[in-house]
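# Analysis of the macromolecular model
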Amino acid sequence: MNFYISKIEISSNEEIASIVEFRSGLNIITGPSNTGKSLIYKCIDFCLGAKKNPLHEYMAMRYTHITLYIVADDKELSISRHIDSTDIQVTSNIPNIDSGVYN
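Within each chain, residue numbers correspond to sequence positions counted from 1 in written order. Per-residue local features are limited, in this predicted model, to residues with pLDDT of at least 70; the limit for side-chain atom pairs, both in listing and counting, is 80 or more; totals at the level of whole chains, interfaces and linings are taken over all residues. Think of the side-chain values as coming from all heavy atoms in the structure, minus any hydrogens and water.

### Description of the side chain of Ser92
We count a stretch as a helix when DSSP gives it H or I for four or more residues in a row; a strand needs E for two or more, and each element gets its number in order from the N terminus. Mapped onto the secondary structure, Ser92 falls in strand β5 (residues 88–92). Within the structure, Ser92 has its side chain in polar contact with the backbone oxygen of Ile97 (distance 3.1 Å). Any two residues whose heavy atoms approach within 4.5 Å at even a single point are treated as in contact. Apart from the residues lying within four places of it in its own chain, the contact partners of Ser92 are Glu76, Leu77, Ile97 and Ser99. We call two N or O atoms a polar contact when they sit within 3.5 Å, provided that within protein one can donate a hydrogen and the other can accept it, with sequence-adjacent residues counted only if both atoms are side-chain atoms.

Structure, rendered in structure tokens:
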């Protein structure tokens, strides 16, 4: 199975605040210091089960959710997590990967 991260979204209850899109293959994230490069990695890690909320420094901006989108053999899987929860919502149309809430 070939897969890649296609997109990560950081959102509030009202709107999507930020989107970073990726392509199949090598993706290189560059930019000046303190512009969010490490935050992208921390958000991916959080969606995959890390305990530390990567957005704690940005709470004034009212971010509430992080959603990670993965494409595998032209099918999509999303992993969404509220920043104050250990529950991870998986939505999948990939065979053998069940949708549901995981903890």
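### A few points about the nonpolar core
One broad trend across soluble globular proteins is that nonpolar side chains are buried collectively. In this structure, Ile8, Cys43, Leu55, Ile66, Leu68, Leu77 and Ile79 are the most contacted members of the largest nonpolar core, which totals 21 residues. Those elements that place two or more of their residues in this core are β1 (3–11), α1 (37–47), β3 (65–72), β4 (75–82) and β5. With six residues, α1 is the largest single contributor of residues to this core. In this text, buried Ala, Val, Leu, Ile, Met, Phe, Trp, Tyr and Cys residues form a nonpolar core when linked through side-chain atoms within 4.5 Å. Three exposure classes are used, based on accessible area relative to the maximum for each residue type with a 1.4 Å probe and protein chains only: buried under 20%, partly exposed in between, and exposed over 50%.

### So, unusual backbone geometry
Most peptide bonds take the trans form, and the phi angle of most residues other than glycine is negative. In the Ramachandran plot, Asp73 falls in the positive-phi region, its phi being about 50° despite a non-glycine side chain. Looking at the secondary structure, you find Asp73 in the loop between β3 and β4. Overall, Asp73 belongs to the partly exposed group, its relative accessible area being 43%. Notably, Asp74 is not glycine yet its phi reads approximately 65°, a positive angle. Considering the arrangement of structural elements, one finds Asp74 in the loop between β3 and β4.

### Examining the sheet that holds β3
Paired strands, in this sense, are two strands between which DSSP finds at least two bridges. Spatial strand order, β2-β1-β3-β4-β5-β6: six strands in an open sheet with antiparallel pairing. Pairing within the sheet leaves two strands with one partner each, and these edge strands are β2 (16–21) and β6 (100–102). Within the sheet, the average angular offset between the axes of one strand and its neighbour, ignoring direction, is 20°. Both β4 and β5 contribute to a ladder of four bridges, which runs antiparallel. Looking at β5, one finds that Ser78 is bridged to Thr91. Packing of α1 onto the sheet brings it into contact with β1, β2, β3, β4 and β5, and relative to β3 it is tilted by some 80°. Between the N-to-C directions of two axes lies an angle of 0 to 180 degrees, each axis being a line fitted to C-alpha atoms and, for a helix, fitted only over the stretch in contact.

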